Amino acid sequence: MGRVFAVDAAAATSASALNGAVDWWKDVNASPMWQDRVFHALAVLYGLVSVVALVQLIRIECRVPEYGWTTQKVFHFLNFVVNGVRSIVFVLRRNMQLIQPEILQHVILDMPGLAFFTTYALLVLFWAEIYYQARAMSTDGLRPTFYWINGVVYAIQISLWLVLWWKPVRVMVILSKMFFAGVSLFAAFGFLLYGGRLFLMLQRFPVESKGRRKKLQEVGYVTTICFTCFLIRCVMMCLNAFDKAADLDVLSHPILNFFYYLMVEIVPSAMVLFILRKLPPKRGITQYHPIH
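This is a predicted model, so every value here is computed, not measured.

## A word on the overall build of the chain
- When you go through the chain residue by residue, the secondary structure sums to nine helices and zero strands.
- In sequence order, the secondary structure elements of the chain are arranged as α-α-α-α-α-α-α-α-α.
- Partitioning the intrachain contacts of the chain with sequence separation of at least 6 by distance along the chain shows that 77% fall at a separation of at least 24.
- Per element, the accessible surface of the chain, about 15,800 Å² overall, is 71% carbon and sulfur.

Next up, the structure:
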């Protein structure tokens, strides 16, 4: 009998602890003070990443000003813009909830995510060009394909916004979020395809090749980071579409917002900028491709 009472007491203690954790989660989510703290913390983190990208862009421009807008410069510029806009959005997050019509809220919250896709798709393009050039294959179709894919993605998303504005029903919100999940999955496999190809190609280089080990690590780390972050974004957007408890577009989910944006944008961007921090050499234009 004593053993039964002990088991019951342990179960009661466990249930009490679980209820306490749930209550804490609800209290934080419902607290305007914690909401502001979390969103302002995200704004600061995004601002730091934006500043780092701008500083790196300036350093590259000072090193090779004669090469114009290279892929590397455009990549850092887009990082600066995307993270800077995200920072402003989170500073004004509470005011965003008051904007009417509601479709504008979706545009303001989702557009930086589309720009984030473009930024890192540019990195996939850069790797694809390196891979094709190393294999003595034509790269003429890569850039038009890059522009075409981005144009289609933006056109479909804008069309979904317009339909949602015209008929704001739940099914259109789900379609919009599922489309975004599909775009994220597409980006994840883009990194896996071209990052993986480039990684395997570098592995076949002679061991004594200059810079082989460092470049191999760089490609491997960036591929893993970007594939993971876009895959997490895909999964979270699917949950966001169908589960109200995973809604990222409301003020009352600050903890979820904090960990989501930390995992899918802030930490990956910071890590990629750190890994790609090396400045280009002052001479030699072979690895830099101007954006026309």
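## Thoughts on the UniProt feature "transmembrane region" (unreviewed entry) in the chain
- Mapped onto this numbering, the UniProt entry annotates "transmembrane region" (unreviewed entry) at residues 41–62, 74–93, 113–134, 146–166, 178–200, 221–242 and 258–276.
- Across residues 74–93 one finds 95% helix and 0% strand; the C-alpha atoms that close the span lie 28 Å apart.
- In residues 178–200, helix accounts for 100% and strand for 0%; the two terminal C-alpha atoms are 32 Å from one another.

## Observations concerning a nonpolar patch on the surface
- Together, Leu185, Phe189, Leu192, Leu231, Val235 and Leu239 line one region of the surface with nonpolar side chains, adding up to about 480 Å² of accessible area.
- Residue assignment for the nonpolar patch shows that the elements contributing at least two residues are α7 (170–203) and α8 (212–242).

## A few points about the pattern of salt bridges
- What the rule picks out here adds up to six salt bridges.
- A salt bridge links Arg86 to Glu265; the shortest N-O distance between them is 3.0 Å. Residue Arg86 is found in helix α3 (residues 71–91), and its partner Glu265 is found in helix α9 (residues 254–275); the two are separated by 179 residues along the sequence.
- Here Arg86 falls in the buried class, since its relative accessible area comes to 3%.

## Regarding the confidence of the model for the chain
- When the pLDDT values of the chain are averaged, the result is 84; 86% of them are 70 or greater.
- Of the regions scoring below 50 in pLDDT, residues 3–7 engages in zero contacts with residues more than four places distant in sequence or in other chains.
- The low-confidence segment residues 9–18, where pLDDT is below 50, has zero contacts with residues more than four positions distant or belonging to other chains.

## Let's talk about the packing of helix α6 (residues 142–166) against α7
- Across the interface, α6 lies against α7 with an axial gap of 9 Å and an inter-helix angle of 165°. When the axis of α6 is compared with that of α7, the two are roughly antiparallel. In this structure, α6 crosses over α7, and the sense of that crossing is left-handed. Here α6 contributes Ile149, Val153, Ile156, Gln157, Leu160, Trp161, Val163 and Leu164 to the contact with α7, which in turn contributes Met172, Val173, Leu175, Ser176, Phe179, Phe180, Val183 and Phe186.
- Its residues assigned to classes, the contact of α6 with α7 shows 14 nonpolar, two polar and no charged.

## Focus on the environment of Thr139
- Among the secondary structure elements, Thr139 is positioned in the loop between α5 (103–134) and α6.
- Residues Thr139 and Glu129 lie ten residues apart in sequence; the distance between their C-alpha atoms is 6.1 Å.
- The contacts of Thr139, once residues within four sequence positions are left out, are Glu129, Tyr132 and Gln133.

## Quick notes on the nonpolar core
- Ranked by internal contacts, the top residues of the largest apolar core, which has 67 residues, are Tyr120, Leu123 and Val272.
- Elements represented by at least two residues in this core include exactly α2 (32–63), α3, α5, α6, α7, α8 and α9.
- Looking at this core, the element that brings in the most residues is α5, giving 15 residues.
- For Val272, the contacting residues outside a window of four places in its chain are Phe75, Tyr120, Leu123, Val222, Ile225 and Cys226.

## A few points about the packing of aromatic side chains
- This structure, assessed with the given rule, holds 18 aromatic pairs.
- Judged by centre distance (5.6 Å) and plane angle (70°), the rings of Trp69 and Phe77 are edge-to-face.
- Take Phe77: its relative accessible area is 34%, and that puts it in the partly exposed class.
- Here Phe258 and Phe259 contribute two aromatic rings whose centre-to-centre distance is 5.5 Å and whose plane-to-plane angle is 85°, an arrangement assigned as edge-to-face.
- For Phe258, a relative accessible area of 22% translates into the label partly exposed.
- Lying across the ring of Phe39, Arg93 places its NZ or CZ 5.6 Å from the centre.
- The ring centre of Phe274 lies 4.1 Å from the NZ or CZ of Arg277, which sits over that ring.

## Here's the deal with the packing of α3 against α5
- As a packed pair, α3 and α5 sit with axes 10 Å apart at the nearest point and diverge in direction by 160°. Here α5 runs roughly antiparallel to α3, going by the angle between their axes. The handedness of the crossing between α3 and α5 comes out as left-handed. Of the residues in α5, those touching α3 at Thr71, Val74, Phe75, Leu78, Asn79, Val82, Val85, Arg86 and Val89 are Ile108, Leu109, Pro112, Gly113, Ala115, Phe116, Thr118, Thr119, Tyr120, Leu122, Leu123 and Phe126.
- For the contact of α3 with α5, the per-class residue count stands at 15 nonpolar, five polar and one charged.

About the cut-offs
- Residues numbered from 1 in each chain as written.
- Predicted model: local features only at pLDDT ≥ 70, side-chain atom pairs only at ≥ 80, totals over all residues.
- Heavy atoms only, no water.
- Helix = DSSP H or I, 4+ residues; strand = E, 2+ residues; numbered from the N terminus.
- Contact = heavy atoms within 4.5 Å.
- Areas by Shrake-Rupley, 256 points an atom, 1.4 Å probe, with all protein chains shown as cover.
- UniProt positions renumbered as here; feature names shortened; annotations may be inferred.
- Patch = residues over 30% accessible without salt bridge, like charges linked within 9 Å, V, L, I, M, F, W, Y side chains within 5 Å.
- Salt bridge = Lys/Arg side-chain N within 4 Å of Asp/Glu carboxyl O.
- Buried < 20%, exposed > 50% of the residue type's maximum accessible area, 1.4 Å probe, protein only.
- pLDDT = per-residue confidence, 0-100.
- Axes fitted to C-alpha atoms, helices over the stretch in contact; angles between N-to-C directions.
- Parallel < 35°, antiparallel > 145°, perpendicular 65-115°, else oblique.
- Left-handed = near helix turned anticlockwise from the far one by under 90°.
- Nonpolar A, V, L, I, M, F, W, Y, C, P; charged D, E, K, R; others polar.
- Core = buried A, V, L, I, M, F, W, Y, C linked by side-chain atoms within 4.5 Å.
- Phe/Tyr/Trp six-rings, centres within 6.5 Å; stacked < 30°, edge-to-face > 60°.
- Lys NZ or Arg CZ within 6 Å of the ring centre and 35° of its normal.

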